[in-house]
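Residue-level listing of the chains:
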Amino acid sequence: MTDFDCDAVIIGSGPGGATAAEVLTAAGWSVIVLEKGRNHLISLDAPHEPLRHFANDEIAAHRRFFFGPDPLLEPRTYRRTEADGDRIATGEVNNLPSTVGGGGVHADAKLPRFLEEDFALRTTRGPIDGAEVEDWPISYEDVEPHYTAVEQLFGVAGEDGANPFAAWRSAPYPLPPGPDMPMAVVTSAAAERAGLHPYRAPTGINSVHADGRPACTDCGYCGGYGCPVQAKNDPIAALQRALRTGRCEIRPESYVTDIVRDASGTRATGVRYLDLTHHPDPPAREVRARHAVVLAAGAFETPRLLLRQGLGGDLVGRFLTYHYQTFTVGIFERDTEGERGRSVTHLHDDLMIDTPEMRAVAAAAGLPWVKGGVVEHGSGHMPVEESTTYPTGELHLPAMVDSALRRRFWVFTMQGEDLPQAANRVDLDPSVRDVWGFPAGRVTYAPHRHELVASAHAGPLHEAILRDAGALAAFTATSPPQGDLDLHAVANPLGIAPASKHVMGTARMGSDPAASVVSPEQRLWDCDNVVVCDSSVFVTSTGYNPTLTLAALAHRAATLLVGGHA
Amino acid sequence: MTEASTTGFSEDWRAAVAAALDAAVPGSVELGALVYVERLLTALDRDPPRIWAAPGRWDGPFGSPAADEPAWLELGPWERQAWAERIAGYRATYDRVADGAATEDDLRQVHHHASEATYGDPAYGGNRGGGGWARIGFPEPQYPPARSDPVELRVDRGVRPR
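Residues numbered from 1 in each chain as written. Chains lettered and ligands numbered in written order. Predicted model: local features only at pLDDT ≥ 70, side-chain atom pairs only at ≥ 80, totals over all residues.

K.L.:
Which parts of the structure should I look at to understand the overall build of chain A?
P.N.:
Of the regular secondary structure elements, chain A holds 14 helices and 18 strands. Scaling as 2.2 N^0.38, a compact globule of 566 residues should have a C-alpha radius of gyration of about 24 Å, and chain A matches this with 22 Å. Classification of the 566 residues of chain A by burial places 60% in the buried group. Contacts in chain A between residues far apart in sequence, at least 24 positions, make up 74% of those at least 6 positions apart. (Helix = DSSP H or I, 4+ residues; strand = E, 2+ residues; numbered from the N terminus. Rg over C-alpha atoms; globule rule 2.2 N^0.38 Å. Buried ≥ 20, exposed ≤ 12 C-beta atoms within 10 Å, placed from the backbone. Contact = placed C-beta atoms within 7 Å.)

Given below as structure tokens:
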């Protein structure tokens, strides 16, 4: 036995950590994956079959913190700007699942690639006052082989050539698209009549039996739920492959407190963590890693750990981006049949594209350019959530039977590109702590005017499309909400903090150590065997779901780590 | 109508809580809302706690004996701590309801629990026989999910002309 427990220790078992584990173990490295949350995903004993803890159960998934984190144990705080004081909300802020599999467990697995332009936005579109729009230090060409690799790993189901704006690709989608949601066909037709270009969403869910798991049954419990039949491939596919090499160990309920460094402070030798299987005094344990620490805790927890450690420099936590979400809701006379399907089956990208129409929107607002985001055609409400939004008393049952917000409901969700701003950040709350005594993460976030302009353009356009599709009424809302904060704090089911689960940018990648946290190889500038493998490294948020790209970047970084070609 | 208590709550307490639940979501008590609340408040008295129903044991018809005896997933020790704190808060809420001193926040919590009890999984004690889903036409979830029912087959074919 050597002085080391493994070749690499990986912090976090979500799509980034799982992908890194798959690459490293395939190259012969031994890895230990430390996951703060509990394991409901996969047996840790060979042959590592699914645990089958997931059910179509709205109460467990959405009312009882089944996926964690429990805000009573791990509160987060939020404020819009420093002018709000220390915080205006405490509790749940952008909580992604804290469980083996991370955010991949609950997501409905929309996995689009970014566009070529997304890696060079400052060059193609130019700067905007008040934002730090920069090019990425790597190009689409650098990432493309890794997109292809993780699409294969996750079994992405998609339709080649369907999206006229899509970037080039070196290989077809590994699986054909799954069945359409009926209403998405209707709203896609209306979008086409408006001159838009909807397409079937690339999705990391089996459309046919593949990789030992069944095809999706379109049971309807997709976004926000763990898949009972493991038709979702991300990240169970990567974790299962890593475990089956015999060189991967997953340790759930392991809360990393420190990145241990050598005397120079510039090389990590492992991590210390609390063993949360013990209560109330969890023992501290240590994992010693021969080569590297892979930090894949997500764009909220990664900067929180780095800030506690004094690692990464002054920019850690800054340039926090979400997707500024614009929800345009249509209420139809017909049943929209949203209770079946994969939550979203169609997208359109048109508002992200540099068109004369979008240039006119920008010019009217006095901005050099405006970029919206991918628009998801979907449904989503479950009956408990719907019930909590309706009045109590005698009006309740008629509202539930009429079901404007579930059975007759359809929504366009624009995941609007959120410009990076230095003032938007994750830092450590000065007084709120988690149950283990560590400072809570705090979000300071307010959208740039660019996001508001894009949203204001998207709302009326999408309302008109939904009316053309047959909606009796249509309206638009955003997250974070605009307007009377007190009203939203009580009545808005999405709350006052950004509801987006797409969190990015808090350990920015760059070529200049003075202007970034990690190198183009995703290594901390000040401790270069710490490799960040999550969406913290994003330079811009783009308007696309981040998971495929963060996994592709993890694939690239891990490949470089083991000496492979990027 | 409320059922006989097996949980040690007084009849006055139960009557007041039932009235509040029914005021929030009419018909919820008939569907088991009071049982839902009592099970929630005593969830940690069982091992595993009755917080997260396990799939696979309640796959019979809703309201069958099997539905009354679901399996439960284990909580971790820190999750137990959080749930003990949360349930203590719920208990204080319902004590204020029973005392006629409910706050606006309390009534919002009652609304949420009545919603969970009426439209959530029957394993938790409410939505008896899937009756809450039936009254709004919501399809009962299957475990394990399967592509077999008419709605799913319609999805397979894509949209239908209307």
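So much for the structure itself; the text now carries on.
K.L.:
Please clarify how the overall build of chain B should be interpreted in this entry.
P.N.:
Along chain B, the regular secondary structure elements total seven helices and zero strands. Reading chain B from its N end, one meets helices and strands in the order α-α-α-α-α-α-α. In chain B, which comprises 162 residues, the share counted as buried stands at 36%. Within chain B, counting contacts between residues at least 6 apart in sequence, those at least 24 apart form 59% of the total.

K.L.:
Explain the interface of chain A and chain B here, please?
P.N.:
Frequently, the measure chosen for interface size is the accessible area removed from exposure when the parts meet. Tallying the contact residues gives 49 residues for chain A and 47 residues for chain B. Considered class by class, the residues forming the side of chain A that touches chain B number 23 nonpolar, eleven polar and 15 charged. (Nonpolar A, V, L, I, M, F, W, Y, C, P; charged D, E, K, R; others polar.)

K.L.:
Any chance you could explain the sheet that holds strand β14 (residues 425-433) of chain A here in plain terms?
P.N.:
Strand pairs in the sheet, formed through backbone hydrogen bonds, run parallel or antiparallel to each other. All names here are of chain A. Ordered in space as β4-β3-β15-β14, the four strands form an open sheet in which the pairing is mixed. The sheet terminates laterally at β4 (89-91) and β14, the two strands that pair on one side only. Averaged over all pairs of adjacent strands, the angle between their axes in this sheet comes to 30°, without regard to strand direction. Against the sheet, helix α8 (residues 298-309) makes contact with β14 and β15 (439-444), and its axis sits at roughly 65° relative to β14, the strand it touches most. (Pairing = 2+ DSSP bridges. Axes fitted to C-alpha atoms, helices over the stretch in contact; angles between N-to-C directions.)

K.L.:
I keep staring at the confidence of the model for chain B and nothing clicks. Help me out?
P.N.:
Caution is warranted with low-pLDDT regions, since their predicted coordinates should not be read in detail. All names here are of chain B. Per-residue pLDDT for chain B averages 84, and the proportion of residues at 70 or more is 77%. The model gives residues 57-67 a pLDDT under 50, and that stretch makes 20 contacts with residues more than four places away or in other chains. A low-confidence stretch, residues 149-162 (pLDDT under 50), is modelled with 24 contacts involving residues beyond four sequence positions or located in other chains. Quick note on the complex model: pTM equals 0.95, ipTM equals 0.95. (pLDDT = per-residue confidence, 0-100.)

K.L.:
Looking at this structure, how should I read the nonpolar core?
P.N.:
In a soluble, globular protein the nonpolar side chains are often hidden away together inside. Formed by 183 residues in total, the largest nonpolar core has its most connected members in Val9, Ile10, Ala21 and Val294 of chain A together with Leu21 of chain B. The element that contributes the greatest number of residues to this core is helix α14 (residues 547-561) of chain A, accounting for nine residues. With sequence-adjacent residues up to four places away left out, Leu21 of chain B is seen in contact with Ser28, Val29, Ala33, Leu34, Val37, Val110 and Ala114 of chain B. (Core = buried A, V, L, I, M, F, W, Y, C linked by C-beta atoms within 7 Å.)

K.L.:
Is there a simple way to explain α14 of chain A in this structure?
P.N.:
Since one α-helical turn is 3.6 residues long, residues separated by three or four positions face the same way. Residue and element names in this part refer to chain A. Taking 1.5 Å of rise per residue, 15 residues should cover 21 Å, and α14 covers 21 Å from first to last C-alpha, within 8% of that figure. In terms of burial, α14 is a largely internal element, 14 of the 15 residues being buried. Gly563 lies just past α14 and shows a positive phi near 90°. (Expected span 1.5 Å × (residues − 1).)

K.L.:
How do you make sense of the packing of helix α5 (residues 140-154) of chain A against α14 of chain A when you look at a structure like this?
P.N.:
Packed helices, taken two at a time, are described by their axes: the angle between them and the distance between them. Residues and elements named next belong to chain A. Two numbers describe how α5 lies on α14: the axes approach to 8 Å, and their chain directions differ by 110°. Taken together, the axis directions place α5 and α14 in an arrangement best described as roughly perpendicular. Residues Val143, His146, Tyr147, Ala149 and Val150 of α5 touch α14, and the partners they reach there are Leu548, Ala551, Ala552, Leu553, His555 and Arg556. When the residues that make up the contact of α5 with α14 are grouped by side-chain class, the tally is eight nonpolar, two polar and one charged. (Parallel < 35°, antiparallel > 145°, perpendicular 65-115°, else oblique.)

K.L.:
Just checking my understanding: could you explain the sheet that holds strand β5 (residues 199-200) of chain A for this structure?
P.N.:
Residue and element names in this part refer to chain A. Strand order across the open sheet formed by six strands is β5-β11-β12-β13-β10-β16, with antiparallel pairing between neighbours. Each of the sheet's edge strands pairs with one partner strand only, and the pair in question is β5 and β16 (471-479). Judged from the nine bridges that link them, strand β10 (residues 323-332) and strand β13 (residues 409-417) form a sheet pairing that is antiparallel. Looking at β13, one finds that Val329 is bridged to Val411. Across the sheet, helix α6 (residues 182-193) is in contact with β11 (344-348), β12 (373-378) and β13; its angle to β11 comes to roughly 10°. Contacting β10, β13 and β16, helix α12 (residues 449-468) crosses the sheet at an angle of about 20° to β10.

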